[in-house]
Amino acid sequence: LDESTAPHPRIAGDWRTRVGVVGGLSATLMLIYLSVAHLTDSATTLHTLPTPLDTAAPFSVNWLPAYLLMYVYALAPACIIDDRRLLKRWVLGTLAMYIVAVPMWLLWPVTTPRAPIDTASLMGCGLQIVRTLDPPTNCMPSMHVAVATLVSAILGRLDRAVGRLMWLGVGLIWVSTVTLDQHWFLDGL
């Protein structure tokens, strides 16, 4: 049968399977990401990738909600995907991103200088928490942009209108990574 016309093996109603797969994979990959970041010591040569777009984008903690939107994207497959094949494609796509990213983080680590934060505001306090958990390494490639892009592509296949809105969100997430000094423009590209 042609895959486009074949009946889809549904797992609708089996939310435990979806939450288990998405939650387990997300937790494992976050552990790998943070472990690599925390293992990059001060003796490691860190690289920078500034472009004119990076210097043109002013630092602003007000972009934190857009930055945190990626975590909603990362969990969206658990809520929306009810097709085993599509869930499997999401898992394989996510693993492929990390298979490419981890060697890059280890062999050519990129860092960003971070502007000081006024932690008196809610946004400033929130960004400080993010920075405490996420050291300024593992920048190239940006998993914020990569994860949001993959999820948008997959969920856009299920619902084009939702997909278009999610692609807009990818752009906002990418801009937020630059305006919060979390990534360079090229990390998202």
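This section reports on the structure supplied with the text.

Scoring rules and cut-offs
Counting of residues starts from 1 at the beginning of each chain's written sequence and follows it residue by residue. Given that the model is predicted, a residue must reach a pLDDT of at least 70 before its local features are reported, and side-chain atom pairs must reach 80 or more before they are shown or counted; all residues, however, enter totals for whole chains, interfaces and linings. Note that the side-chain values use all heavy atoms of the structure and ignore hydrogens as well as water. Comment: elements are numbered from the N terminus, with helices defined as DSSP H or I runs of at least four residues and strands as E runs of at least two. Helices are assigned an expected span. That span is 1.5 Å times one less than the residue count. Only protein chains enter the accessibility calculation, which uses a 1.4 Å probe. A residue is then buried if its area is under 20% of the maximum for its type, exposed if over 50%, and partly exposed in between. In this description, contact between two residues means that some pair of their heavy atoms is separated by no more than 4.5 Å. To get an axis, fit a line to the C-alpha atoms, keeping to the stretch in contact for a helix; angles then go from 0 to 180 degrees between the N-to-C directions. Just so you know how the angles are binned, under 35 degrees is roughly parallel, over 145 roughly antiparallel, 65 to 115 roughly perpendicular, and the rest oblique. Polar here means any residue other than Ala, Val, Leu, Ile, Met, Phe, Trp, Tyr, Cys and Pro, which are nonpolar, and Asp, Glu, Lys and Arg, which are charged; Gly is therefore polar. The term nonpolar core refers to a set of buried residues drawn from Ala, Val, Leu, Ile, Met, Phe, Trp, Tyr and Cys, joined through side-chain atoms within 4.5 Å.

**Regarding helix 1 (residues 15-39)**
Phase 1: Its 25 residues give helix 1 an end-to-end C-alpha distance of 35 Å, which sits within 8% of 36 Å, the value for a rise of 1.5 Å per residue.
Phase 2: Where helix 1 is concerned, the buried positions are Arg-18, Val-22, Leu-25, Leu-29, Tyr-33, Val-36 and Ala-37.
Phase 3: Against helix 3 (64-80), helix 4 (84-107) and helix 6 (143-158) lie the buried residues of helix 1.

**Describing unusual backbone geometry**
Phase 1: The omega torsion of the bond from Met-140 to Pro-141 falls at 0°, within 30 degrees of zero and hence cis.
Phase 2: For Pro-141, the location among the structural elements is in the loop between helix 5 (122-133) and helix 6.
Phase 3: Within the chain, Asn-138 stands out as a residue other than glycine whose phi angle is a positive 55°.
Phase 4: Residue position: Asn-138 is located in the loop between helix 5 and helix 6.
Phase 5: The exposure class assigned to Asn-138 is buried, which follows from its relative accessible area of 1%.
Phase 6: Notably, Asp-181 is not glycine yet its phi reads approximately 60°, a positive angle.
Phase 7: Its place among the elements puts Asp-181 in the loop between helix 7 (160-179) and helix 8 (185-188).
Phase 8: For Asp-181, a relative accessible area of 17% corresponds to the buried category.

**Details of helix 6**
Phase 1: Its 16 residues give helix 6 an end-to-end C-alpha distance of 23 Å, which sits within 8% of 22 Å, the value for a rise of 1.5 Å per residue.
Phase 2: Where burial is concerned, most of helix 6 is hidden: twelve out of the 16 residues are buried.
Phase 3: Among all positions of helix 6, only Met-143, His-144, Val-145, Ala-146, Val-147, Ala-148, Leu-150, Val-151, Ser-152, Ile-154, Leu-155 and Gly-156 are buried.
Phase 4: Residues of helix 6 that are buried sit in contact with helix 1, helix 3, helix 4, helix 7 and helix 8.

**Regarding the packing of helix 6 against helix 7**
Phase 1: Two elements in contact, helix 6 and helix 7, have axes separated by 7 Å at closest approach and are oriented at 175°. As the angle between them shows, helix 6 and helix 7 are arranged roughly antiparallel. Residues His-144, Val-145, Ala-148, Thr-149, Val-151, Ser-152, Ala-153, Leu-155, Gly-156 and Leu-158 of helix 6 touch helix 7, and the partners they reach there are Arg-160, Gly-163, Met-166, Trp-167, Val-170, Ile-173, Trp-174 and Thr-177.
Phase 2: Residues belonging to the contact of helix 6 with helix 7 are distributed by class as follows: eleven nonpolar, six polar and one charged.

**Let's talk about the nonpolar core**
Phase 1: Membership of the largest hydrophobic core comes to 32 residues, with the highest contact counts inside it found for Trp-90, Trp-105 and Met-143.
Phase 2: Listed by contribution, the elements that provide at least two residues to this core are helix 1, helix 3, helix 4, helix 6 and helix 7.
Phase 3: Setting aside its immediate chain neighbours within four residues, Met-143 contacts Tyr-33, Met-97, Tyr-98, Ala-101, Trp-105 and Ala-148.
Phase 4: The next biggest cluster of nonpolar side chains, apart from the first, holds seven residues, and it includes Val-61, Tyr-67, Val-130 and Leu-180.

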